[in-house]
Amino acid sequence: MSKIKKILTFIPVIAFFLIFSMALYMYFEQQNVLNKEIRSNIRYIATEMSGRTYVRMRTYEQVLKGIKGLYVSNGNKVPRKEFLRYASQLELEKNLSGLQAVGFSSYVTNDKLNAHAEIASREGYPSYFFRSDKVKPGYIIVDIMYPDDEENRRVYGYDLTSG
């Protein structure tokens, strides 16, 4: 009988380890299921964001192509007021929330900087002035931005090739 008593004393220990092992197995299996679900959700969100970003970039591209078409169809000479009228018709604030501005820049040679600033002044921008960090043969200068607000007017005359 003493052998049976010894065996019976180990049954609770064996049962404990068996139940503990099953609990650990179930815990790790649940973690695997949760990790798979999280990875699947992350993949879905990344795919969704990628698709939205692609559509947004295509929309921006179409806006830029429209502005290019405006300039090409007018011999690369579009008065600021006409550009602003065109851009306002696009209703960018309504259709492309988050778009800060759309604009146009011109290549201006060093010898034509003063004439360029005079044209801007005649078109209603008396505070227009040229800004660059160095003297070069030519500059790419921000001419006009839409919306034509105080924040965007600060970049008029800025050389985009400045460092």
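Residues numbered from 1 in each chain as written. Predicted model: local features only at pLDDT ≥ 70, side-chain atom pairs only at ≥ 80, totals over all residues. Heavy atoms only, no water.

(A) Structural view of the pattern of salt bridges. All chains considered together, the criterion is met by 9 salt bridges. A salt bridge links glutamate 123 to arginine 80; the shortest N-O distance between them is 2.5 Å. Placement of the pair is glutamate 123 in the loop between helix H4 (113–122) and strand S2 (138–146) and arginine 80 in helix H2 (residues 80–89), with a sequence separation of 43 residues. According to the relative accessible area criterion, glutamate 123 is partly exposed, its value standing at 25%. Note that glutamate 82 and arginine 85 form a salt bridge whose closest N and O atoms lie 4.0 Å from each other. One end of the pair, glutamate 82, and the other, arginine 85, are both in helix H2, 3 residues apart, so they sit about a helical turn from each other. (Salt bridge = Lys/Arg side-chain N within 4 Å of Asp/Glu carboxyl O. Helix = DSSP H or I, 4+ residues; strand = E, 2+ residues; numbered from the N terminus. Buried < 20%, exposed > 50% of the residue type's maximum accessible area, 1.4 Å probe, protein only.)

(B) View of unusual backbone geometry. The peptide bond linking tyrosine 146 to proline 147 adopts the cis configuration, its omega dihedral lying at 5 degrees. In this structure, asparagine 76 is a non-glycine residue whose phi angle is positive, near 60 degrees. Within the secondary structure layout, asparagine 76 lies in the loop between helix H1 (2–73) and H2. Residue class for asparagine 76 comes out exposed when judged on its relative accessible area of 54%.

(C) Local environment of the packing of aromatic side chains. With the rule as written, the count across this model stands at 7 aromatic pairs. Ring centres of phenylalanine 16 and phenylalanine 20 lie 5.9 Å apart, and the angle between their planes is 15 degrees; on these two criteria the pair is classed as stacked. With phenylalanine 16 and phenylalanine 20 both in helix H1 and 4 residues apart, this pair spans about one turn of that helix. Residue phenylalanine 20 is classed as partly exposed on the basis of its relative accessible area of 43%. Relative to phenylalanine 83, the ring of tyrosine 71 has its centre 6.2 Å away and its plane inclined at 50 degrees; by these criteria the two rings are tilted. With tyrosine 71 in helix H1 and phenylalanine 83 in helix H2, this pair connects stretches of sequence that are 12 residues apart. Taken together, the ring pairs connect Phe16, Phe17 and Phe20 into an aromatic cluster. Looking at arginine 131, its charged tip hangs above the ring of phenylalanine 129, at a distance of 4.8 Å from the centre. (Phe/Tyr/Trp six-rings, centres within 6.5 Å; stacked < 30°, edge-to-face > 60°. Lys NZ or Arg CZ within 6 Å of the ring centre and 35° of its normal.)

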